[in-house]
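# Chain and residue survey
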Amino acid sequence: MSDPDSAVSLPPGPLYSGDFADPFVLNVDGTYYAYGTGQHGELGRRAFEALSSPDLVNWTPHGGVLEPLSTERMDYWAPEVARADDTFYLYSSVGHGDQGHHLRVAAAAHPLGPFVDRGLNLTPDEPFAIDPHPFQAPDGTWWLFFARDNLGSARPGTVLAVAPLHDMTRLGDAQTILRASGDWQRYQAGRAMYGGVYDWHTLEGPFVLFRDGQFHLLYSGGAWINESYGVGHAVADHPLGPWTEPVPGANVLRSAGTLRGPGHASVTTLNGQDVLIFHAWDAGHTRRQLHAAPLRWENGRPCAMPPVS
């Protein structure tokens, strides 16, 4: 766990003025690289804008980093990058609007790319799969956490799953690890989906940390379009679970004060302190912007800093 008293100074507002949803930050040899949803490969440009920073405060934009799959307009969502040996692997979902998203992987020799798709659909049997999160466990094994649709519970909707990740490009069998457990995770009542109408709940944006012998899962729940969105927490002794929520609810981060609909969090470190990276809506509700806040641990649970009350 990071030292709760360690001094990390970060701006309270957005770190970048542009649209930068679903942010993920990777530290490569002392330079921070941020990747976000916002560019979709239109007009021949690369998808996924990337930024770099020496300190998580001052950011330089570098344009898109992923070569688009085709000239067709598609939606590229939620990039995350993992480094294995000398190769960087970018995981994301690609679809049209909120339909037909599948997970894909691209590779590059540098964190700024260009990343080239490997020609693989990692989730061909899923009707909808988004928000891939590659995670390397302490024993060296790699896992891919992600969100997928599932109707088989009292709260149907989007759930969290994990699968073994082989050679960074192949998935083993996926297993659902966390389903909706509360009203705060409701996305929409009476939502028409898969030929039926459901009180739809959403869990998405998984991110995993290993701290003090346990796996800690951060996830976003609710409706990303409004202020119900927030970040919850679950723990397990193994990536496959069982995963439990010590304290239900958006107890890591939620709307408060000028912070509107924060979520899709990832974690990096600065000066030995855990830092939560996330997006939140601007005042006009026109774009989701990059934010960062120190993360403290209380009784083995992560919480955004300063505390959200």
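Quick caveat, the model's predicted, so the values are computed rather than measured.

## Overview of the pairing of strand β11 (residues 157-166)
Within β11, eight of the ten residues are buried, leaving the element largely enclosed by the surrounding structure. The pairing of strand β10 (residues 142-150) with β11 spans eight bridges and is classified as antiparallel. Counterpart to Leu 144 in the pairing with β11 is Ala 163. The loop that links β10 with its antiparallel partner β11 comprises six residues. In this structure, β11 lies alongside strand β15 (residues 196-211), joined through two bridges in parallel fashion. Bridging across to β15, Gly 157 finds its partner in His 201. Where β11 and strand β12 (residues 170-171) come together, two bridges link them in antiparallel fashion.

## Observations regarding the side chain of Arg 148
Following the sequence through the fold, Arg 148 ends up in strand β10. Assessed through its relative accessible area of 12%, Arg 148 is described here as buried. Within polar-contact distance, the side chain of Arg 148 engages the side chain of Glu 126 at 2.7 Å. Within polar-contact distance, the side chain of Arg 148 engages the side chain of Thr 176 at 2.9 Å. Dropping the residues within four chain positions of it, Arg 148 is found in contact with Glu 126, Phe 128, Ala 129, Gly 157, Thr 158, Val 159, Ala 161, Ala 174, Gln 175 and Thr 176.

## Observations concerning the pairing of strand β2 (residues 31-40)
Most of β2 is tucked away: seven of the ten residues are buried. Pairing analysis gives six bridges linking strand β1 (residues 21-28) to β2, with the strands arranged antiparallel. Paired with Val 25 across the strands is Ala 34, a residue of β2. In this antiparallel pair of consecutive strands, β1 and β2, the connection spans two residues, and Asp 29 shows a positive phi of 55°.

What counts as what
Residues numbered from 1 in each chain as written. Predicted model: local features only at pLDDT ≥ 70, side-chain atom pairs only at ≥ 80, totals over all residues. Heavy atoms only, no water. Buried < 20%, exposed > 50% of the residue type's maximum accessible area, 1.4 Å probe, protein only. Helix = DSSP H or I, 4+ residues; strand = E, 2+ residues; numbered from the N terminus. Pairing = 2+ DSSP bridges. Polar contact = N/O pair within 3.5 Å; in protein donor to acceptor, adjacent residues only side chain to side chain. Contact = heavy atoms within 4.5 Å.

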